Amino acid sequence: MMMDFYEMTMSYGYFHQRDGDMRVAFDLFFRSVPDKGGYAVFAGLEHVIEFVENLAFSDEDIDYFRQQKLFSEEFLTFLRDFHFRGDIYAVPEGTIIYPDEPLLTIVAPIIDAQLIETAILAQINHQSLIATKASRIVRAAEGRCVSDFGARRAHNMDAATYGARAAYIGGVDMTATVSAGQQFGIPISGTMAHSWVMFFEDEFTAFKNYAEIYPQATVLLVDTYDVIHSGIPNAVRTAHEVLEPQGHRLVGVRIDSGDLAYLSKRIRTMLDDAGLADCKIILSNSLDEFTISSLLLQGASVDSFGVGERLITAKSDPVFGAVYKLVAVEKDGVFTPRIKMSENVEKLTNPGLKDLYRIYDSHGKAVADMLAMRGEEIDLGKPFRYVDPIKPWKNRFFEGFSALNLRRLYMRAGKRVEKMPSLHEIRAYVQKQLAEEIWPEEQRFENPHRHYLDMTPTYYELKMGLLDDIRGRHS
């Protein structure tokens, strides 16, 4: 039932016209990278596959549709026995992705493809958005630990849980969201709240009681009253009088307010002077990649970041913008390409069934992606001519490069045919690509290098031919 109602009205229209079993292809792609970044991270595929595998209508669902007085009993009977009958092609979860590329393709009867549109987009849009934001934040942290603190600011409980999963894919080290830790095996973190400190008559008593309960993992929140004149002195006292006699060290202190750059430097000096050079400093409070970069530029003394609302809501650019468009219709066993034209050039679609290749240089760096006709032979053992669709008049060749077809078949005729990787494997895949394959110039926050999306000459001619044909028929 996670659908827009027009998916039902169209599906019934196809059913009524006896076209419901006609096979079509839909592509899922996005048009621009959030925050004007150079890349995005593909996330949510596992939950798309799970949703489609288990898709069914209950008796209550059928009754609800009957109450709308729009659909025949024959169609409602069809829905009662409905299961997805199509194929799903996609890039692996965790793939570094770019605009206008077919990240996921559904090849299925038109009704099947139509009914899953909203659910697929909801999963991919949300998790890809948060994974991309997390990747940017982790990059800004320059190797320091980053924890997801965002659950209480998420748009609902599911957004907190699945957002934590996506953030982990993007590179975040831990989450404070227990449901995500339990469900997905993400390491969890969390210490005390201001309410703990306020509950006791004084700050030292609060710290002392906490340290006695968790001597092996004491991290103290030091900004409830006064960081410099109360919080740090009481933390130092707790370290010397409570923890050290037990053979333990103060693990860390956290500040969640004030001038974080200034305070962190003062704190570091005070801790070092007290013989606590090994005590970590954790910063939180409305952080994102921009504030983290600024803090480090100011010389903030920090070992770890807790990032909340601006991560879990992707506050600076909270829309990923993936869309789902018809690209081909099967007739007599042959898929005929379809193309969407628009007054806006950026809404022009890439038609037909196709393959998506990533092109690598001899050092393993990804230099471009390329669209090809599905099944088209790509031989880079010799100079291979390609078309830059932005500058099609130039004669361009790949020489000495290699090509990888990024997409895999995950479902065939409604059955899963590809094993899904673990969440930790997905996360490691993201890190490997960013470290080894994706140019640093594409990872800049400001004015990143544009990743090229080229086309084989055969595919480019197909697209231009469709445009010419449509212009001729509608001029």
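A few points on the structure. Please read these numbers as outputs of a predicted model, since none were measured by experiment.

Moving on: the packing of helix H6 (residues 117-141) against helix H13 (residues 289-297). Where H6 contacts H13, the two axes come as close as 8 Å, and the packing angle between them is 0°. In this view, H6 runs roughly parallel relative to H13, as classed from their interaxial angle. Of the residues in H13, those touching H6 at Lys133, Arg136, Ile137, Ala140 and Ala141 are Glu289, Phe290, Ile292, Ser293 and Leu296. Classifying every residue of the contact of H6 with H13 by side-chain character gives six nonpolar, one polar and three charged.

The buried count for strand S10 (residues 280-284) comes to four of five residues, which makes it a mostly enclosed element. In this sheet, S10 lies alongside strand S9 (residues 252-255) in parallel orientation, the contact comprising four bridges. Bridge pairing in S10 links isoleucine 255 to leucine 283. Pairing analysis gives three bridges linking S10 to strand S11 (residues 304-307), with the strands arranged parallel. Paired with serine 284 across the two strands is glycine 306, which belongs to S11.

Counting 127 residues, the largest nonpolar core has Leu79, Ile106, Val253 and Phe305 as its most contacted members. Sequence-distant contacts of leucine 79, defined by excluding residues within four places in its chain, comprise Met8, Phe57, Ile62, Phe65 and Leu115. Formed by ten residues, the second largest nonpolar core is a distinct cluster that contains Tyr357, Ala368, Met370 and Phe398.

What follows covers empty space enclosed by the protein. Scanning the entire structure with this criterion turns up four cavities of 30 Å³ or more. In this structure, the largest cavity spans a volume of roughly 60 Å³. In terms of lining, the largest cavity is formed by Asp27, Phe29, Asp100, Glu101, Pro102, Leu348, Thr349, Asn350 and Lys354.

Time to look at the sheet that holds strand S3 (residues 87-90). Here we have seven strands laid out as an open sheet, ordered S13-S12-S1-S5-S3-S19-S20, and antiparallel in their pairing. With one partner strand each, in any of the chains shown, strand S13 (334-337) and strand S20 (415-416) form the two edges of the open sheet. Bridging between S3 and strand S19 (residues 408-412) involves three bridges; their strand directions are antiparallel. Pairing of tyrosine 89 across the sheet is with leucine 409, part of S19. Contacting S3, strand S5 (104-109), S19 and S20, helix H2 (residues 45-53) crosses the sheet at an angle of about 20° to S19.

Rules used throughout
Residues numbered from 1 in each chain as written. Predicted model: local features only at pLDDT ≥ 70, side-chain atom pairs only at ≥ 80, totals over all residues. Heavy atoms only, no water. Axes fitted to C-alpha atoms, helices over the stretch in contact; angles between N-to-C directions. Helix = DSSP H or I, 4+ residues; strand = E, 2+ residues; numbered from the N terminus. Parallel < 35°, antiparallel > 145°, perpendicular 65-115°, else oblique. Contact = heavy atoms within 4.5 Å. Nonpolar A, V, L, I, M, F, W, Y, C, P; charged D, E, K, R; others polar. Buried < 20%, exposed > 50% of the residue type's maximum accessible area, 1.4 Å probe, protein only. Pairing = 2+ DSSP bridges. Core = buried A, V, L, I, M, F, W, Y, C linked by side-chain atoms within 4.5 Å. 1 Å grid on protein atoms, 1.4 Å probe; cavity = no way out; pocket = protein on both sides within 12 Å on 5 of 7 lines; lining within 4 Å. Points joined across faces, edges and corners; volume = space filled by probe spheres on them.

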